[in-house]
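Coordinate analysis (summary)
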Amino acid sequence: MVADDEGARSLAPAHQDWMAGQRGGEAAGQLGAPIAEEEHDLRVGEQGACLGDGEEELIAGGQGVVDDCGALIALILYGSNDSLLGNGVVGILAETVNMWERRAPLTPSHCARLVLGGGRSTSGVNRIIVQPSTKRIHHDAQYEDAGCEISEDLSECGLIIGIKQPKLEMILPDRAYAFFSHTHKAQKENMPLLDKIIKERVSLFDYELIVDDDGKRLIAFGKFAGRAGLVDFLHGLGRRYLSLGYSTPFLSLGQSHMYPSLAAAKAAVIAVGEEIATFGLPSGILPIVFVFTGSGNVSQGAQEIFKLLPHTFVDAEKLPEISAGKSLSPHYQSTRRAFQLYGCVITSRDMVSPKDPSKCFDKDDYYAHPEHYNPVFHERIAPYASAIVNCMYWERRFPRLLSTEQLQQLVKNGCPLVGICDITCDIGGSIEFVNKSMSIERPFFRYDPSTNLYHDDMEGDGVICLAVDILPTEFSREASQHFGDILSRFVTSLASTKGLLELPSHLRRACIAYSGKLTPLYEYIPRMRKTMIEMSPATANSLPDKKYTHLVSLSGHLFDKFLINEALDIIETAGGSFHLVKCDVGQSIDDMSYSELEVGADETATLDKIIDSLTSIANAHRGDPNATEISLKIGRVSERRIDDSMDKVGPKVLILGAGRVCRPAAEFLASYRNIDINGCNDYNTDQVHVIVASLYQKDAEETIDGIKNATAAQLDVSDIGSLSNLVSQVEVVVSLLPASFHAAIARVCIELKKHLVTASYVDDSMSKLEQAAEGAGVTILCEMGLDPGIDHMLSMKMIDEAHAQKGKIKAFTSFCGGLPSPAAANNPLAYKFSWSPAGAIRAGRNPAVYKFLGEIIHVDGSKLYESAKRIRLPELPAFALEHLPNRNSLMYGDLYGISKEASTVYRSTLRYEGFSEIMAILAKIGLFDARNHPLLEETNRPTYRTFLSELLNVNDISTPNTKVNGEESRGHDDEVISRLMMLGHCKEKELAVKILKTIKFLGLHEETEIPKDCTSALSVISQRMEQRMAYGHDEQDMVLLHHEVEVEYPDGRPAEKHQATLLEFGKSENGRSTTAMALTVGVPAAIGALLLLQNKVQRKGVIRPLEPEIYIPALEILEASGIKLMERVET
């Protein structure tokens, strides 16, 4: 352990200044303290203190720091001979994380001072190489003029700097990097980055951690976040007031990025203020009260903008008077306008009060023991606020600023709140209903507390909310200048120094890794990763090898003084084990950190000994102001046998996958009550517990977000041991993974005698498991989705009902398609992709066979689109549709038992009319050819227009010099139309014009180079379709399924046509969109699992949902869940 390693201790006192506190957050402030006020601030763009939990692959070399301390000392003192560190060459990265990220760590003027102002002799920098970027706020030419080199290649650079984390492939070995890494709290999503840093022997300096000896941030963007956030909010406020029926001067204000400079934005705000001061504000929205949380950099930036308006700041105690109009003169109250706004700045003492009424608020006590305090913001402040500007950092152990329930009650009581400007953008954080981050182009959402629904417009009930995590980049020019003014002073040291000890203390403290080794201050990171609880579905208890556990809470200077290591050493030395349940790192050397450990041992005596030892180190320093402080809280949460911990959780279903389909399945199962298994309910819960497992833990967590009785798990299904362990803990498995995984999963289920449900077709690999599954008493229910799935069940219901009436099936036809809703069918093809365009194109090239009026019809794959026919459904006359045959329809005659009686058996795919005609011609042009094209193998990449001209043998007239008043464009269009008709692709000009419109919509006429990864015509058009034919944020998809069964009766009764129709649209509820396809695939699969849990399916083996024991209850449950089926009979 680091604390006991003699080599590590020998570094003192040279490294004592290394043990200073840590800071966090790009925006301005600090990481880890609950709220940021006078001397603290927040992390804009961060979403809570997410710690890495249960990573299988820990950071290489993390523990090596203590195992080979001599090597580390040598590195620190002298650097590495193989490293480029200190060579005086600086690289500036092109930002790749976000479309809107236009900031630069150094501006051209900073670079000029570093390179041209004396070079290395004075600045330590002799060259700066800048990666080219067309969106950076400063153009590449400006950097060239400043003496920089422009190149993608940064291999000569010893120091490489950026703003945000670069892509992993951009990390070069044996160099120093400086950027906002967001890794020092072991944030799981960024651990691959830290692993890459270690692997490539990189030195990592994090801007968040550059603090002075008092622990204050030296470099940050906080005020710019506040400034941009409030300008954007005022812009939205004008739109919101207009939707409520009030015209205000705010309506003329644009968003921050719309102004060329911060000064221009301020001038626009001043103009708004002058209009308010001159003409006033409508009485119906008065008084307008802005509440600012905290007084750190972010709050100061927001207030700076607010103060440009006519205003008066008041104390929190005066808010009731302002609201009641008591502070206004009688004459003022009688007028129709007001000429100012009110501001109020609040801190933690305004948000909480001690539970003990005899005590007063104490900030230190609140930070250490938030459980001693009750939230009061919703009672004392929120009832009087028109706008809440949230600028304070928050942690989950502290009361929320405003919960969803509190807001709902406030609205019921007539609260005047119009909007929330959540500059923290802390998802699910201090303002609970903020459940998503918006973008700069769409910064607002509207939340309606009365319905608990989220909307993306400004009109309707509720409050608007701004939540954007990259606000400083809206003032990219000024933010870059401010940042570079400070960073340039540090670059001189970072660029020229080889040994870490040569750097000043504030830079040493900011070094997370040096030459691929974690520095002593950050050795806790791999311990965090190793010990964070990852809730395993195999056991509810996180310490399965220990019989008894305690929950231990530690607070104090745990990380900056290595006290956390001392505590962990005590546990391990005694033979115990631990899991780090929660950890909040203090913001500065003055702030304490907080950790919760679950401590386990085999004997109660051992556990008592551990607790006694921990208590001793806590008591040793109590009352000593000069000692390193640590306090201890013991909670006897689980003194029990761990082997029994999951026995009474209830019926469990494992869902494999984390795609769109998985969430509807998980929601359905987790919300379905009163599960009766084997005739009796012998569980102590009436709800199903759902475990969603995915290759990436984050994906599984997103899938179950907000779902009760659901757990996320990380699983690689190719790891049969891990898969078996997970499957053994559940009753039913639902696999929503690609079909290629199902056979291996099924074999595990058969071995462990667990039922399995899939939505995929039964292929040969699954069919071969029929005998094994039946022998094991296992049901493998396949094809339990939409198509196949609901189509099977509706078909068999109609067919069995006809047979029960002694009828004979004369014809069976089925039409099914996933389509855009009519409003979203807004492109020439009237189609959009929610899956791979290449896969869809290949599916459209499959051959088909069906029976029509007794004749077997074969359709070649190359002619499939040409075989499409129009269809109109009487129930849905507004839909102009077409259908094309879907693979082998004959097998369904066999499956449904109607091959001998039905003269027509036809299954088809639905599209909007005109789709197939266009696709057929695109195929003729050659755009669906999957073979490598010679033109795409050349070093010089062709443009889309050049490639199209090659396919059509069009003379390329697209030179810039020939374009006069659009003549070049019209000439090329005419040539394309001419070639389409000359080649025989189109017989009529009207159709050729339609194809041209499609080509132009897809951008196949553009003078843009085709990406290097496109090597065939198919890959080119797939890439274009993926870009141009994806669903928009607010667009819905649609699923339409229609069956027709013609029935004849031998006793003279008239023939009947039985029809069944399903029409389902995508939904958006509570700010979350669910596609119709996901609903109609995920819910049936979940219903299949439910029927197996209830023991309603008696048949064993590999089966489809063709039997009444499945389709009757399944269709009933499907309708009860809200997926409606329309049935009718015509004679």
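Analysis parameters
- Residues numbered from 1 in each chain as written.
- Predicted model: local features only at pLDDT ≥ 70, side-chain atom pairs only at ≥ 80, totals over all residues.
- Heavy atoms only, no water.
- Helix = DSSP H or I, 4+ residues; strand = E, 2+ residues; numbered from the N terminus.
- Buried < 20%, exposed > 50% of the residue type's maximum accessible area, 1.4 Å probe, protein only.
- Contact = heavy atoms within 4.5 Å.
- Areas by Shrake-Rupley, 256 points an atom, 1.4 Å probe, with all protein chains shown as cover.
- Pairing = 2+ DSSP bridges.
- Axes fitted to C-alpha atoms, helices over the stretch in contact; angles between N-to-C directions.
- Salt bridge = Lys/Arg side-chain N within 4 Å of Asp/Glu carboxyl O.
- Polar contact = N/O pair within 3.5 Å; in protein donor to acceptor, adjacent residues only side chain to side chain.
- Parallel < 35°, antiparallel > 145°, perpendicular 65-115°, else oblique.
- Phe/Tyr/Trp six-rings, centres within 6.5 Å; stacked < 30°, edge-to-face > 60°.
- Lys NZ or Arg CZ within 6 Å of the ring centre and 35° of its normal.
- Disulfide = S-S within 2.5 Å.
- pLDDT = per-residue confidence, 0-100.
- Core = buried A, V, L, I, M, F, W, Y, C linked by side-chain atoms within 4.5 Å.
- Expected span 1.5 Å × (residues − 1).
- Left-handed = near helix turned anticlockwise from the far one by under 90°.
- Nonpolar A, V, L, I, M, F, W, Y, C, P; charged D, E, K, R; others polar.

Turning to the overall build of the protein chain, a few remarks are in order. Helix and strand content of the protein chain: 36 helices and 42 strands. Each of the 1131 residues in the protein chain was classed as buried or not, and the buried ones make up 58%. Counting only contacts in the protein chain whose residues sit at least 6 apart along the sequence, the fraction spanning at least 24 positions is 73%. When the accessible area of the protein chain is evaluated, it comes to approximately 45300 Å², of which 49% is carbon and sulfur surface.

Turning next to the sheet that holds strand β26 (residues 689-694). If you trace the 7 strands from one edge of the open sheet to the other, you get β27-β26-β25-β28-β29-β30-β41, paired in parallel fashion. The open sheet has two edge strands with one neighbour each: β27 (710-714) and β41 (1101-1103). With direction set aside, neighbouring strand axes in the sheet form an average angle of 20 degrees. Relative to β41, strand β30 (residues 779-781) runs parallel, the two being bridged by 3 bridges. Bridge pairing in β41 places Thr779 opposite Gly1101. Along the sheet face, helix α35 (residues 1076-1093) touches β25 (652-656), β28 (732-735), β29 (755-758) and β30 and points at about 160 degrees away from the line of β29.

Let us look at the pattern of salt bridges. The final tally for this structure, using the stated rule, is 32 salt bridges. Glu1044 is the salt-bridge partner of Lys1057, the closest N and O atoms lying 3.9 Å from each other. Separated by 13 residues along the polypeptide, Lys1057 in strand β38 (residues 1056-1065) and Glu1044 in strand β37 (residues 1037-1048) bring together distant segments of the chain. Relative accessible area serves as the criterion here: at 16%, Glu1044 is assigned to the buried category. Between Arg1128 and Glu1130 there is a salt bridge, and its shortest N-O distance comes to 2.8 Å. Looking at Glu1130, the relative accessible area reads 30%, which means it is partly exposed. Within this structure, Arg127, Glu149 and Glu156 form a network of salt bridges that share partners.

Tracing the backbone shows Thr1061 in strand β38. Here the alpha-carbon distance between Thr1061 and Lys1124, two residues 63 residues apart in the chain, equals 8.7 Å. The residues contacting Thr1061, other than those within four sequence positions of it, are Glu875, Leu876, Leu1040, Leu1041, His1042, Lys1124, Leu1125 and Met1126. Within the structure, Thr1061 has its side chain in polar contact with the side chain of His1042 (distance 2.7 Å).

This part is about the packing of helix α30 (residues 915-925) against helix α33 (residues 989-1001). Contact pair α30 / α33: the axes reach a minimum separation of 10 Å and the direction vectors enclose 75 degrees. The orientation of α30 relative to α33 falls into the category roughly perpendicular. Each of Glu917, Ile918, Ile921, Leu922 and Ile925 in α30 lies in contact with α33, whose residues at this interface are Leu991, Lys994, Ile995, Thr998 and Ile999.

This part is about the packing of aromatic side chains. Scanning all chains against the criterion turns up 30 aromatic pairs. Here the aromatic rings of Phe815 and Tyr906 are separated by 6.3 Å at their centres, their planes lie at 70 degrees, and the arrangement is edge-to-face. One end of the pair, Phe815, is in strand β31 (residues 808-820); the other, Tyr906, is in strand β36 (residues 904-912), and 91 residues separate them in sequence. Residue Phe815 is classed as buried on the basis of its relative accessible area of 6%. Relative to Tyr896, the ring of Tyr892 has its centre 5.9 Å away and its plane inclined at 55 degrees; by these criteria the two rings are tilted. Looking at Tyr892, the relative accessible area reads 3%, which means it is buried. Taken together, the aromatic side chains of Phe233, Phe290, Phe292, Phe306, Phe313 and Phe444 make up a single cluster linked through ring pairs. Stacked on the ring of Phe224, the Lys or Arg Arg227 has its end atom at 4.8 Å from the ring centre.

All right, on to the state of the cysteines then. If you walk through the whole model with that rule in mind, you get 0 disulfides. The thiol sulfur of Cys465 is not disulfide-bonded, and the nearest other cysteine sulfur, from Cys421, lies at 8.2 Å. Classification of Cys465 as buried rests on a relative accessible area of 0%.

In terms of residue burial, strand β32 (residues 848-852) counts as a mostly covered element, since 4 of its 5 residues are buried. Where β32 lies against strand β33 (residues 855-859), 5 bridges are found, and the strand directions are antiparallel. Within β33, the position partnered with Tyr850 by the bridge is Ile857. The antiparallel pairing of β32 with β33 creates a hairpin that spans 2 residues between the two strands, and Leu853 there sits at a positive phi of about 50 degrees.

A low pLDDT means the predicted coordinates there should not be read in detail. Across the protein chain, the average pLDDT comes to 81, with 81% of residues at or above 70. In this model residues 635-648 is a low-confidence stretch, pLDDT under 50, and it forms 37 contacts with partners more than four residues away in sequence or in other chains. Contacts of residues 956-967 to residues separated by more than four positions or lying in other chains number 13 contacts, the stretch itself having pLDDT below 50.

A separate point is the nonpolar core. Residues Phe250, Phe290 and Phe433 are the most contacted members of the largest nonpolar core, which totals 151 residues. Leaving out residues up to four positions away in the same chain, Phe433 has contacts with Thr404, Leu407, Ile420, Phe445, Tyr447, Tyr454, Val463 and Cys465. Formed by 69 residues, the second largest nonpolar core is a distinct cluster that contains Phe668, Ile704, Ile799 and Leu1125.

Turning our attention to helix α27 (residues 790-804). Between the first and last C-alpha of α27 there are 21 Å, a value that for 15 residues agrees with the 21 Å anticipated at 1.5 Å per step. Among the residues of α27, those classed as buried are Ile790, Asp791, His792, Met793, Leu794, Ser795, Met796, Met798, Ile799 and Ala802. Downstream of α27 by a residue or two, Lys806 has a phi angle that is positive, lying close to 65 degrees.

Right, let's talk about the environment of Gly1101 for a bit. Inspection of the secondary structure assignment puts Gly1101 in strand β41. Remark: the alpha-carbon pair of Gly1101 and Ala772, spanning 329 residues in sequence, is separated by 7.5 Å.

Once that is clear, we can look at the pairing of strand β1 (residues 89-92). The alternating pattern of β1 places Val89 and Gly91 on one face and Val90 and Ile92 on the opposite face, and all of these are buried. As judged from the 4 bridges shared by β1 and strand β2 (residues 127-130), these two strands associate in the parallel manner. Bridge pairing links Val90 to Ile128 in β2. By the bridge criterion, 3 bridges tie β1 to strand β4 (residues 159-161) in an arrangement that is parallel. Across the sheet, the residue bridging to Ile92 is Ile161, located in β4.

A few words on the packing of helix α23 (residues 720-727) against helix α24 (residues 742-752). One can describe the packing of α23 onto α24 by two numbers: an axis separation of 10 Å at closest approach and a directional angle of 50 degrees. When the interaxial angle is binned, α23 and α24 end up oblique. Seen along the crossing, α23 lies across α24 with a hand that is right-handed. Here Ile720, Leu723, Ser724 and Val727 of α23 come into contact with α24, specifically with Ile745, Val748, Cys749 and Leu752. When its residues are assigned to classes, the contact of α23 with α24 shows 7 nonpolar, 1 polar and no charged.

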